[in-house]
Amino acid sequence: MSVTAARSGRLTDLPVLLVAAVWGSSYLAAKGVTTERTVLAVLVLRFAVALPVLVATGWRRLRALSAVQIRGAGLLGLILAGIFLLETYGVVHTSATNAGLIISLTMVFTPPAESRVRGTRLPGSFLAAAGLSVLGVALLTQGTGFSAPTGGDLLMLGAAVARTVHVLAMSRMESVRGADALSLTTVQLGGAVVVFAVLAAVPGTGASPWAAAADFGAGDWLGLLYLSAFCTLFAFFVQMWAIRRTSPSRVSLLLGTEPVWAAAVGIAVGGDRPGWLGLLGALLVLAGTAWGRSVADRQRDAGARKTTVPDDPAVPEGAAVS
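Since we're looking at a predicted model, the values are computed, not measured.

What counts, and at which threshold
Residues numbered from 1 in each chain as written. Predicted model: local features only at pLDDT ≥ 70, side-chain atom pairs only at ≥ 80, totals over all residues. Heavy atoms only, no water. Helix = DSSP H or I, 4+ residues; strand = E, 2+ residues; numbered from the N terminus. Buried < 20%, exposed > 50% of the residue type's maximum accessible area, 1.4 Å probe, protein only. Contact = heavy atoms within 4.5 Å. Areas by Shrake-Rupley, 256 points an atom, 1.4 Å probe, with all protein chains shown as cover. Salt bridge = Lys/Arg side-chain N within 4 Å of Asp/Glu carboxyl O. Axes fitted to C-alpha atoms, helices over the stretch in contact; angles between N-to-C directions. Parallel < 35°, antiparallel > 145°, perpendicular 65-115°, else oblique. Nonpolar A, V, L, I, M, F, W, Y, C, P; charged D, E, K, R; others polar. Core = buried A, V, L, I, M, F, W, Y, C linked by side-chain atoms within 4.5 Å. Expected span 1.5 Å × (residues − 1). Polar contact = N/O pair within 3.5 Å; in protein donor to acceptor, adjacent residues only side chain to side chain. pLDDT = per-residue confidence, 0-100. Left-handed = near helix turned anticlockwise from the far one by under 90°.

Let's shift gears to the overall build of the chain. Helix and strand counts for the chain come out as 14 helices and 0 strands. Mapped in sequence order, the helices and strands of the chain form the string α-α-α-α-α-α-α-α-α-α-α-α-α-α. A buried classification covers 49% of the 322 residues belonging to the chain. Long-range pairs, those at least 24 residues apart, make up 91% of the contacts in the chain with a sequence separation of at least 6. Here the chain displays about 15100 Å² of accessible surface, and carbon together with sulfur accounts for 67% of that area.

One pass over the full model with this rule turns up 3 salt bridges. The closest approach of N and O atoms between Asp180 and Arg61, which form a salt bridge, is 3.5 Å. Of this pair, Asp180 sits in the loop between helix H8 (151-172) and helix H9 (181-201) while Arg61 sits in helix H3 (residues 59-63), and the two are 119 residues apart along the sequence. The exposure class of Arg61 is partly exposed, given its relative accessible area of 36%.

As a further point, take the packing of helix H5 (residues 96-103) against helix H13 (residues 258-268). Between H5 and H13, the shortest axis-to-axis distance is 8 Å and the interhelical angle comes to 170°. Relative to H13, H5 is oriented roughly antiparallel. Residue-level inspection shows Ala96, Thr97, Gly100 and Leu101 of H5 in contact with H13, the latter providing Pro259, Ala262, Ala263, Gly266 and Ile267. Residue composition of the contact of H5 with H13, by class: 6 nonpolar, 3 polar and no charged.

Before going further, it helps to spend a moment on the nonpolar core. Core analysis: the biggest nonpolar cluster contains 38 residues, and Val16, Tyr27 and Phe126 have the highest contact counts within it. Contributing elements (two or more residues each) for this core: helix H1 (3-33), H5, helix H7 (124-140), H8, helix H11 (218-245), helix H12 (248-255), H13 and helix H14 (275-305). Sorting elements by how many residues they give to this core places H1 first, with 7 residues.

For H9, built from 21 residues, the straight-helix expectation of 30 Å at 1.5 Å per residue is met to within 8% by its first-to-last C-alpha distance of 30 Å. Here H9 lies mainly inside the structure; 15 of its 21 residues are buried. Regarding H9, its N-cap is Asp180, as a side-chain oxygen of that residue lies 3.3 Å from the backbone nitrogen of Leu182 further along.

Looking at where Gln188 falls in the secondary structure, it is placed in helix H9. A distance of 2.6 Å separates a polar atom in the side chain of Gln188 from a polar atom in the side chain of His166. Once residues within four sequence positions are removed from consideration, Gln188 is found in contact with Ala73, Leu76, Gly77, Leu80, His166 and Met170.

Burial runs high along H5: 8 of the 8 residues are buried. All of the buried residues in H5 are Ala96, Thr97, Asn98, Ala99, Gly100, Leu101, Ile102 and Ile103.

Moving on, we get to the confidence of the model for the chain. Residues with a pLDDT of 70 or more make up 86% of the chain, whose mean pLDDT is 84. Low pLDDT (under 50) marks residues 308-319, which in the prediction has 21 contacts with non-local residues, meaning those over four places away or in another chain.

The next point concerns the environment of Val285. Mapped onto the elements, Val285 comes out in helix H14. Linking Val285 and Ser133, residues 152 residues apart in sequence, is a C-alpha distance of 4.3 Å. In this structure, Val285 is in contact with Leu101, Ser104, Ser133, Gly136 and Val137, ignoring residues within four places of it in sequence.

Along the chain, Val108 falls in helix H6 (residues 106-118). On the basis of relative accessible area, Val108 is assigned to the buried category, the value being 4%.

With that settled, the discussion passes to the packing of helix H2 (residues 39-57) against H9. Running from N to C, H2 and H9 cross one another at 150°; their axes reach a closest spacing of 9 Å. Comparing their axes, H9 and H2 come out roughly antiparallel. Note on packing geometry: the crossing formed by H2 with H9 is left-handed. On H9, the residues touching Leu40, Leu43, Val44, Phe47, Ala48, Leu51, Leu54, Val55 and Thr57 of H2 are Leu182, Thr186, Leu189, Gly190, Val193, Phe196, Ala197, Leu199 and Ala200. Broken down by class, the residue content of the contact of H2 with H9 amounts to 15 nonpolar, 3 polar and no charged.

Set out below in structure tokens:
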């Protein structure tokens, strides 16, 4: 590799690492803006701000989607809505550190689920890495002593499972294969916003978006705009730009540092104090997910060398709008 190419690769990596840091901070930002009564309102407002930008940017390609692709993306949007609901309700009831680390279990859940679907077997080293991560979560959620995990911890665990379902659905659904990534994301977010708006209109589900917006102070609006502009729009466009300059695998690997940033922001800025037991658990989660990802990547690369059909490079594995 030439010096120029290496320097170009590093320059491409920096914005992707910034996206991972932004996503890691999104849990603390969401926690600062959201209460149990305003979850649905915040979700409607957050994506209602981002959606027009996505539509305007990709209008031509959006119109090129077939009816089958739109229906497929709409179905994925329902799953995405479930992910955001679980994540947002979860982060309200747990710490930002726990939220970011527990959701990283998606990287551990996805390979076994994919292996089961394809009828293949994972190596023992991956199972050991998964066990290490699960042990880490068990320690992390205990804080300073052993107790039952909080409801927020369990919701984040559900969100990790839902993310796994979403990744598998995107890779297995024939209806969305070959669809433009920007258009696919726009339709999914549009479907999710419809779900949030319908639920927000049901009596007893919390404040309406308009009532929540009227009660927002300057800090709340800054937090909401941060979630919309940086955690959604900036993150997506950097992913698209980086994938075209490097590779989905490289981008996915860099985005896999998200839980590191979540823990760092939660502890340094959010004042989370997980205790020595929690810190040990956090380290085990990070080590287990990194080990598991490396094992899964090696197995996937070995499988790719045996086939002549390349994977669709439109979106990196596990990438999502956090």
